[in-house]
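# Fold and contact review
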Amino acid sequence: LHLTTKASAEIVRRAFAYMKDCGVAAVLVPGDLTDYGTKTSLRYFRETWDEVFGGTEVAKVFCTGNHDYDGWGYGDMAADMRAVGQTAADHMNNPGNPDLGPVWQEILGTPSFAPVHVETVGGYDFVTVEYHLTNGTVKAWMEENGTRFRGGKPFFVLQHNPVRHTTRDGPYGG
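Residues numbered from 1 in each chain as written. Predicted model: local features only at pLDDT ≥ 70, side-chain atom pairs only at ≥ 80, totals over all residues. Heavy atoms only, no water.

Tallying secondary structure elements over the protein chain gives 6 helices and 5 strands in all. Along the chain direction, N to C, the helices and strands of the protein chain fall in the order α-β-α-β-α-α-α-β-β-α-β. For the protein chain, the exposed surface amounts to about 9300 Å²; the carbon and sulfur share of it is 53%. (Helix = DSSP H or I, 4+ residues; strand = E, 2+ residues; numbered from the N terminus. Areas by Shrake-Rupley, 256 points an atom, 1.4 Å probe, with all protein chains shown as cover.)

Take the nonpolar core next. Counting residues in each nonpolar core, the largest one holds 23 residues, and the members touching the most others are Phe16, Val27, Leu33, Leu42 and Phe62. Residue assignment for this core shows that the elements contributing at least two residues are helix H1 (9-22), strand S1 (26-30), helix H2 (39-53) and helix H5 (101-108). Per-element tally for this core: the top contributor is H2, with 6 residues. Apart from the residues lying within four places of it in its own chain, the contact partners of leucine 42 are Leu33, Thr34, Met92, Val103, Trp104, Ile107 and Leu108. (Core = buried A, V, L, I, M, F, W, Y, C linked by side-chain atoms within 4.5 Å. Buried < 20%, exposed > 50% of the residue type's maximum accessible area, 1.4 Å probe, protein only. Contact = heavy atoms within 4.5 Å.)

Okay, the confidence of the model for the protein chain next. Mean pLDDT over the protein chain: 85, with 89% of residues reaching 70 or higher. Averaged over each element, pLDDT in the protein chain is lowest for helix H4 (residues 77-83) (75) and highest for H1 (97). (pLDDT = per-residue confidence, 0-100.)

Those residues of H5 that sit buried are Gly101, Val103, Trp104, Ile107 and Leu108. One face of H5 carries all of its buried residues, which in axial projection span an arc of 165 degrees. Exposed residues pointing more than 90 degrees away from the buried face of H5 are listed as Pro102 and Glu106. Taken together, the buried residues of H5 touch H2, strand S2 (59-63) and helix H3 (66-70). (Arc of directions from axis to C-beta.)

Within the structure shown, the criterion is met by 11 aromatic pairs. Summarising the aromatic geometry, the rings of tryptophan 49 and phenylalanine 62 are spaced 5.6 Å apart at their centres and angled 85 degrees between planes, so their arrangement reads as edge-to-face. Linking tryptophan 49 in helix H2 with phenylalanine 62 in strand S2, this pair joins segments that are 13 residues apart in sequence. Ring plane angle 55 degrees and centroid distance 6.3 Å describe the contact between tyrosine 124 and phenylalanine 156, whose orientation is recorded as tilted. Here the residue tyrosine 124 occupies a position in strand S4 (residues 124-129), and phenylalanine 156 occupies one in strand S5 (residues 155-159), the gap between them amounting to 32 residues. A residue is classified by how much of its surface remains accessible, and tyrosine 124, at 33% relative accessible area, is partly exposed. Every member of this aromatic cluster is reached through a ring pair, and the members are Phe16, Phe45, Trp49, Phe53 and Phe62. For lysine 153, the ring lying beneath its charged end belongs to tyrosine 124, and the centroid distance is 4.5 Å. (Phe/Tyr/Trp six-rings, centres within 6.5 Å; stacked < 30°, edge-to-face > 60°. Lys NZ or Arg CZ within 6 Å of the ring centre and 35° of its normal.)

Put into structure tokens, the structure is as follows:
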């Protein structure tokens, strides 16, 4: 989604309104809710969510992306942030501490935040995986917890980066 400013949230608001009109039970966002990785941008996301889905039972199934962690450090992003009144002091991630949990919970109001988290919606499990985790961490988590997904229903894994060797091109291809 790459939200930056209140004005940039308008297209997200329209997308959310469409989803609401379709009667969705959940909204899945596989990271990059923000472009700069700032609390201010995440608050714009939350305000947009509340405007459209406030008072509903629509589930939030979100995980982080690289921009949520360190978008403030990419190339000319710092100049872009200053142009809209944001600074690196507003970024969600403290250097050397990749735990966005407290900020994520406070601003988004999600009931829990974990590196790997399971959200059940309509009897289906959605596994969210945070951006900074390696495939080895996810594999170990699945080996430890995967038996809960045996039982005939599909489950869904949501993470920003595709699992290695599951796409055709790029660093995850093969």
